[in-house]
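Chains, contacts and geometry: an overview
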Amino acid sequence: VMKRILLLIILCFTFNVSFAQIADQEVIYKLGSIYSGDVKLTSDQVADLMTDDMYTDYLSGRRLYKSGVIVTSVGAGVVAASGLLFGSMFLPSKTTDNATPGMPLGTALISLGGAITGGAIIAVGVPLLCVGNNRLKNTVEGYNIRNVSLTLGPTRYGAGLSLIF
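Before going into details, it helps to say that this report is about the structure given with it. (Residues numbered from 1 in each chain as written. Predicted model: local features only at pLDDT ≥ 70, side-chain atom pairs only at ≥ 80, totals over all residues. Heavy atoms only, no water.)

Concerning the overall build of the chain
If you tally the helices and strands in the chain, you get four helices and five strands. Going from the N terminus to the C terminus, the chain shows its helices and strands as α-β-β-β-α-α-α-β-β. With 165 residues in all, the chain has 21% of them scored as buried. Look at the contacts in the chain between residues 6 or more apart in sequence, and 61% of them connect residues 24 or more apart. (Helix = DSSP H or I, 4+ residues; strand = E, 2+ residues; numbered from the N terminus. Buried < 20%, exposed > 50% of the residue type's maximum accessible area, 1.4 Å probe, protein only. Contact = heavy atoms within 4.5 Å.)

Shown next, in the form of structure tokens:
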């Protein structure tokens, strides 16, 4: 009789757990992308997870982050090209004509101007990158705060029902 009661309790418990709703998994932000576990979420999946306000903040942060990456990359390219131009001054010349004796100075000034311009472009891109990054982080944190989960399983002092928020 005791075995039947125990079996009935286990079956009822198993049946109830199999129909329990489990809260969505916590999302993680890494390098401009949002992940659920190890899976990178698409923009449509993020739209399904978040409220309209959160998704608007996500899109704004994503746009700023991508703009920052592009602008900073262009600035770094301009600085690199300026460095190559400056370095080319020290290469041996194949011509023996001294018709343009001021050429190395002109090259130095052009490369300096390019480096300053590239630095200014980087100075514009880095804040865009940082603001977009922070906005994406805040959006993910806001989503995870709203996400509360109830699980049954191992706890610090044994097995039990856990409310994670």
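Remarks on unusual backbone geometry
If you check the backbone angles, L31 has positive phi at about 50° while not being a glycine. With respect to the secondary-structure elements, L31 resides in the loop between β1 (27-30) and β2 (33-36).

Examining the nonpolar core
Membership of the largest hydrophobic core comes to 13 residues, with the highest contact counts inside it found for V27, Y29, I34, V46, M50 and Y58. Elements represented by at least two residues in this core include exactly β1, α3 (52-88) and α4 (103-146). Residues within four places of Y29 in sequence aside, it is in contact with I34, Y65, N133, L136, K137 and V140. (Core = buried A, V, L, I, M, F, W, Y, C linked by side-chain atoms within 4.5 Å.)

Focus: the sheet that holds strand β3 (residues 39-40)
Two strands in a sheet stick together by hydrogen bonds in their backbones, pointing the same way (parallel) or opposite ways (antiparallel). One open sheet accounts for three strands, arranged β1-β2-β3; its pairing is antiparallel. Unpaired on one side and paired on the other, β1 and β3 mark the two borders of the sheet. One ladder, built from two bridges, connects β2 with β3; its direction is antiparallel. Its bridge partner being in β3, S36 is matched across the sheet by V39. (Pairing = 2+ DSSP bridges.)

A look at the packing of aromatic side chains
One pass over the structure, following the stated rule, counts one aromatic pair. Between Y55 and Y58, the aromatic rings sit 5.8 Å apart at their centres with planes inclined by 25°, giving stacked as the arrangement. Remark: Y58 and Y55 occur in helix α3; sequence separation between them is three residues, near one turn of the helix. Relative accessible area serves as the criterion here: at 3%, Y58 is assigned to the buried category. Residue placement shows K30 over the ring face of Y35; its charged tip is 4.7 Å from the ring centre. (Phe/Tyr/Trp six-rings, centres within 6.5 Å; stacked < 30°, edge-to-face > 60°. Lys NZ or Arg CZ within 6 Å of the ring centre and 35° of its normal.)

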